[in-house]
Structure formats: C-alpha cells, structure tokens
Amino acid sequence: MEEREKFDLIEERLRAIEGIGDYPFTDMAELCLVPDVVIPPKFKVPDFDKYKGTTCPKNHLMMYCQKMRAYSKDEKLLMHFFQESLAGATITWYTNLEAFWKDMMAAFIRQYQYNTDMAPDRTQLQNMSKKEH
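Keep in mind that this is a model prediction, so the values were computed, not measured.

The rules behind the values
- Residues numbered from 1 in each chain as written.
- Predicted model: local features only at pLDDT ≥ 70, side-chain atom pairs only at ≥ 80, totals over all residues.
- Heavy atoms only, no water.
- 1 Å grid on protein atoms, 1.4 Å probe; cavity = no way out; pocket = protein on both sides within 12 Å on 5 of 7 lines; lining within 4 Å.
- Points joined across faces, edges and corners; volume = space filled by probe spheres on them.
- Nonpolar A, V, L, I, M, F, W, Y, C, P; charged D, E, K, R; others polar.
- Core = buried A, V, L, I, M, F, W, Y, C linked by side-chain atoms within 4.5 Å.
- Buried < 20%, exposed > 50% of the residue type's maximum accessible area, 1.4 Å probe, protein only.
- Helix = DSSP H or I, 4+ residues; strand = E, 2+ residues; numbered from the N terminus.
- Contact = heavy atoms within 4.5 Å.
- Expected span 1.5 Å × (residues − 1).
- Bend = angle between axes of the 7 residues up to and from the residue.
- Phe/Tyr/Trp six-rings, centres within 6.5 Å; stacked < 30°, edge-to-face > 60°.
- pLDDT = per-residue confidence, 0-100.
- Axes fitted to C-alpha atoms, helices over the stretch in contact; angles between N-to-C directions.
- Parallel < 35°, antiparallel > 145°, perpendicular 65-115°, else oblique.
- Arc of directions from axis to C-beta.

1. Looking at empty space enclosed by the protein
A probe matching the size of a water molecule, rolled over the atoms, marks out where space remains unfilled.
Next, step 1: Summed over all chains, the structure comprises one cavity of 30 Å³ or more.
Next, step 2: The calculated volume of the largest cavity comes to roughly 60 Å³.
Next, step 3: Taken together, Phe48, Asp49, His60, Met63, Tyr64, Lys67 and Ser85 form the lining of the largest cavity.
Next, step 4: Its residues placed into classes, the lining of the largest cavity shows three nonpolar, two polar and two charged.

Structural data, given as structure tokens:
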C-alpha cells in the first residue's frame, strides 16, 4: 500500500470516529420517529412496565395510555414516549415505524397479537379447571 493510500485510509477512519462525512445519521431529525414533538415544560416520563413482546399488546397499550392520560390529546407526545415503554426486539419494531398514533397502536396490536391468541381467556381457564376436578 502506498503512503498516499495509507494516509487516505487513516483520514477516512478519523472522519468516521469524529462523525464527519457523509454518513446516514448526520441529521438528528432523521433519527426521530416524531421529529416535531413538543415536550411540555417540567414533563416527567412516567415509570412504564417494559413490553418485551411476550404478553398481551392490548393490555400494554391500556396501561401506557392510563399513565399518559394527561396527554391523551397529544398524539405526537404519545408516539414519542411510547418507545420508553418498550424493551428488546419491540424497540427495533418501533424504530422501523413511520406512522401516526392510531396507526401505531393498530400496528403494535397486529405485531404482537399472537400473544393474545395463544393465551387462554377466563372461560378457557375455568373449563380447564373443571376438567381437572
């Protein structure tokens, strides 16, 4: 490798480390699902139970909405902070979204509906209990 090629390679690596250059995330707005969200002064993020994709998505949404009820009219704020209630693979799902709040809720339920479909409901549990006795 010639000296010039080595120099160019080192310079390119340095730009990558410093974050200079034409990289996909140079604009922070591109990273935000809801880039124009307005966060109210003194807003404190509630302490959410983290959804990991293994339980009922409807229950998670209900609990999330209850904790955010003071902001129920602000769809951008609801969408922005929904990520705070997610963990693991559900965060990856969230970051790939491009939607509005109602679309996001429907997509969330569709994505994790299998948990509800697989879990027995109250009637099924009662019938199972009766069969055991």
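2. A short note on the nonpolar core
Next, step 1: Ranked by size, the top nonpolar core spans 22 residues in total, and within it Tyr64, Met68, Phe82, Trp93, Trp101, Met104 and Phe108 carry the most contacts.
Next, step 2: Counting residues per element, the ones that place at least two in this core are helix H3 (57–67), helix H4 (75–82), helix H5 (89–95) and helix H6 (101–118).
Next, step 3: Once you skip the residues sitting within four places of it in the chain, tryptophan 93 turns out to touch Phe82, Met104, Ala107, Phe108, Gln111 and Tyr112.

3. Describing unusual backbone geometry
Glycine aside, negative phi is the norm for most residues, and most peptide bonds take the trans geometry.
Next, step 1: The phi torsion at lysine 42 lies on the positive side, around 65 degrees, for a residue other than glycine.
Next, step 2: As for its position among the elements, lysine 42 is in the loop between helix H2 (28–31) and H3.

4. Some thoughts on H6
Next, step 1: Helix length check: H6, at 18 residues, gives a terminal C-alpha distance of 26 Å against a target of 26 Å (1.5 Å per residue), a fit within 8%.
Next, step 2: Of all the bends in H6, the greatest measures close to 55 degrees and is centred on tyrosine 112.
Next, step 3: Within the sequence span of H6, burial applies to Trp101, Met104, Ala107, Phe108, Tyr112, Gln113 and Asn115.
Next, step 4: Where the residues of H6 are buried, they touch H3, H4 and H5.

5. Digging into the packing of aromatic side chains
Aromatic ring pairs: the centre-centre distance and the angle between the two ring planes describe each pair.
Next, step 1: One pass over the structure, following the stated rule, counts 12 aromatic pairs.
Next, step 2: Ring-pair connections join several aromatic residues into one group, and the members of that group are Phe48, Tyr51, Tyr64, Phe82, Trp93, Tyr94, Phe108, Tyr112 and Tyr114.

6. Section: the confidence of the model for the protein
Next, step 1: Taken residue by residue, the protein gives an average pLDDT of 80. The fraction at 70 or more is 75%.
Next, step 2: The secondary-structure element of the protein with the lowest mean pLDDT is H2, recorded at 57, while H3 shows the highest, at 94.

7. Side note on the environment of tryptophan 93
Next, step 1: Positionally, tryptophan 93 belongs in helix H5.
Next, step 2: Exposure remark for tryptophan 93: the relative accessible area of 13% places this residue in the buried category.
Next, step 3: Considered as a pair, tryptophan 93 and glycine 53 are 40 residues apart in the sequence and their alpha carbons are 10.0 Å apart.

8. Focus on the packing of H3 against H6
Next, step 1: Orientation of H3 relative to H6, taken along the N-to-C sense of each, is 140 degrees, at an axis distance of 7 Å. In terms of their interaxial angle, H3 and H6 are classed as oblique. Contact with H3, carried on its side by Pro57, Lys58, His60, Leu61, Tyr64 and Cys65, involves Trp101, Met105, Phe108, Ile109, Tyr112, Gln113, Asn115 and Thr116 of H6 and no other residues of that element.

9. Considerations on H3
Next, step 1: Among the residues of H3, Pro57, His60, Leu61 and Tyr64 are the ones counted as buried. Looking straight down H3, one finds that the buried residues subtend no more than 100 degrees of arc, so they occupy a single side.
Next, step 2: On its buried face, H3 sits against H4 and H6.

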